[in-house]
Amino acid sequence: MSEQAPDGEYDEWLDAIADGEAYYVECANGHGWLPPRRVCSTCGSRDLSEQRLPEAGEITTHTTITVPTPQFEDDAPYVTAVAEFGPVSVTGIVRGIDPDAVEIGTTVGIAVGDRVTTGDRLVVFRPR
């Protein structure tokens, strides 16, 4: 059995975020993971439970993209960031703030948005 989420589970996770029910999975040893997994990659436990994702996270690293890939051509410039939400790190696009104003330590909420270029859904962080 693969430890990666089956096809479609990422979309279910995005749906949960959009519905205000964001979650991560955690093993009995407290290891948290995204996207949802069937096996803890740290300890191998298959006993995983869904836990509510904290409402706010903190940006731990970020970069401003000015020369994008074709999927983000009309989105540029944009900021990709990693934010810690409790025991898990989530990668998303920062919106609602000037790209030059994004800083490590910025408190953000998590939501679902669309790529300007393709309309595909993605994880979006907004300052709190």
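Everything below is about the structure shown above.
Remember, predicted model here, so these are calculated numbers, not experimental data.

What counts and what doesn't
Residues numbered from 1 in each chain as written. Predicted model: local features only at pLDDT ≥ 70, side-chain atom pairs only at ≥ 80, totals over all residues. Heavy atoms only, no water. Helix = DSSP H or I, 4+ residues; strand = E, 2+ residues; numbered from the N terminus. Rg over C-alpha atoms; globule rule 2.2 N^0.38 Å. Buried < 20%, exposed > 50% of the residue type's maximum accessible area, 1.4 Å probe, protein only. Contact = heavy atoms within 4.5 Å. Areas by Shrake-Rupley, 256 points an atom, 1.4 Å probe, with all protein chains shown as cover. Core = buried A, V, L, I, M, F, W, Y, C linked by side-chain atoms within 4.5 Å. Arc of directions from axis to C-beta. Lys, Arg positive; Asp, Glu negative; His and termini not counted. Salt bridge = Lys/Arg side-chain N within 4 Å of Asp/Glu carboxyl O. Polar contact = N/O pair within 3.5 Å; in protein donor to acceptor, adjacent residues only side chain to side chain.

J.: What exactly am I supposed to notice about the overall build of the protein here?
T.: Helix and strand content of the protein: one helix and eight strands. For the protein, the succession of helices and strands along the chain, N to C, is α-β-β-β-β-β-β-β-β. On C-alpha atoms alone, the protein measures out to a radius of gyration of 15 Å, which is about the 14 Å that the 2.2 N^0.38 rule sets for 128 residues. For the C-alpha atoms alone, the extent of the protein along its principal axes is close to 40 × 30 × 25 Å. Residue burial in the protein is summarised as follows: out of 128 residues, 35% are buried. Nonlocal contacts in the protein, meaning residues at least 24 apart in sequence, comprise 52% of its contacts between residues at least 6 apart. Summed over its atoms, the accessible surface of the protein is roughly 7,100 Å², and 44% of this surface lies on carbon and sulfur atoms.

J.: Whenever I open this one, the nonpolar core confuses me. Can you help?
T.: Grouped burial of nonpolar side chains is what soluble globular proteins tend to show. Trp-13, Phe-85, Val-90, Ile-110, Val-123 and Phe-125 are the most contacted members of the largest nonpolar core, which has 22 residues in total. For this core, the elements supplying multiple residues, two or more each, are helix H1 (9-18), strand E1 (23-27), strand E5 (78-85), strand E6 (88-94), strand E7 (107-114) and strand E8 (121-127). Sequence-distant contacts of Phe-85, defined by excluding residues within four places in its chain, comprise Leu-53, Pro-54, Glu-55, Ala-56, Gly-57, Val-90, Val-108, Gly-109, Ile-110 and Phe-125. Within the second largest apolar cluster, five residues are counted, among which are Phe-72, Tyr-78, Ile-93 and Leu-122.

J.: Can you help me understand the environment of Gly-92 in this one?
T.: Of note, Gly-92 is situated in strand E6. The class for Gly-92 is buried, based on a relative accessible area of 5%. Residues Gly-92 and Val-25 lie 67 residues apart in sequence; the distance between their C-alpha atoms is 18 Å. For Gly-92, the contacting residues outside a window of four places in its chain are Val-79, Thr-80, Ala-81, Val-123 and Phe-125.

J.: What am I meant to see in H1 here?
T.: Residues spaced three or four apart along an α-helix face the same direction, because each turn holds 3.6 residues. What H1 keeps buried is the set Glu-9, Trp-13, Leu-14, Ala-16 and Ile-17. End-on, the buried residues of H1 take up no more than an arc of 155°, which puts them together on one face. Structurally, H1 contributes buried residues whose contacts are with E1, E6, E7 and E8. Just downstream of H1 lies Gly-20, where phi reads positive at about 75°.

J.: Before we go on, may I ask you to explain the side chain of Glu-26 in this structure?
T.: Relative to the elements of secondary structure, Glu-26 occurs in strand E1. Although Glu-26 is buried, it makes no salt bridge; Arg-37 carries the closest opposite charge, 13 Å away. Side-chain polar atoms of Glu-26 contact the side chain of Tyr-24, separated by 3.5 Å.

J.: Looking at this structure, how should I read the pattern of salt bridges?
T.: Pairing of side chains with opposite charge becomes possible as their charged atoms draw close. All chains considered together, the criterion is met by five salt bridges. For Asp-15, the salt bridge goes to Arg-121, with nearest N and O atoms at 2.8 Å. In this pair, Asp-15 is assigned in helix H1 and Arg-121 in strand E8, connecting sequence segments 106 residues apart. Between Arg-115 and Asp-120 there is a salt bridge; the shortest N-O distance is 3.8 Å. When its relative accessible area of 39% is taken as the criterion, Asp-120 is described as partly exposed. Linked by salt bridges that have partners in common, Asp-11, Asp-15 and Arg-121 make up one network.

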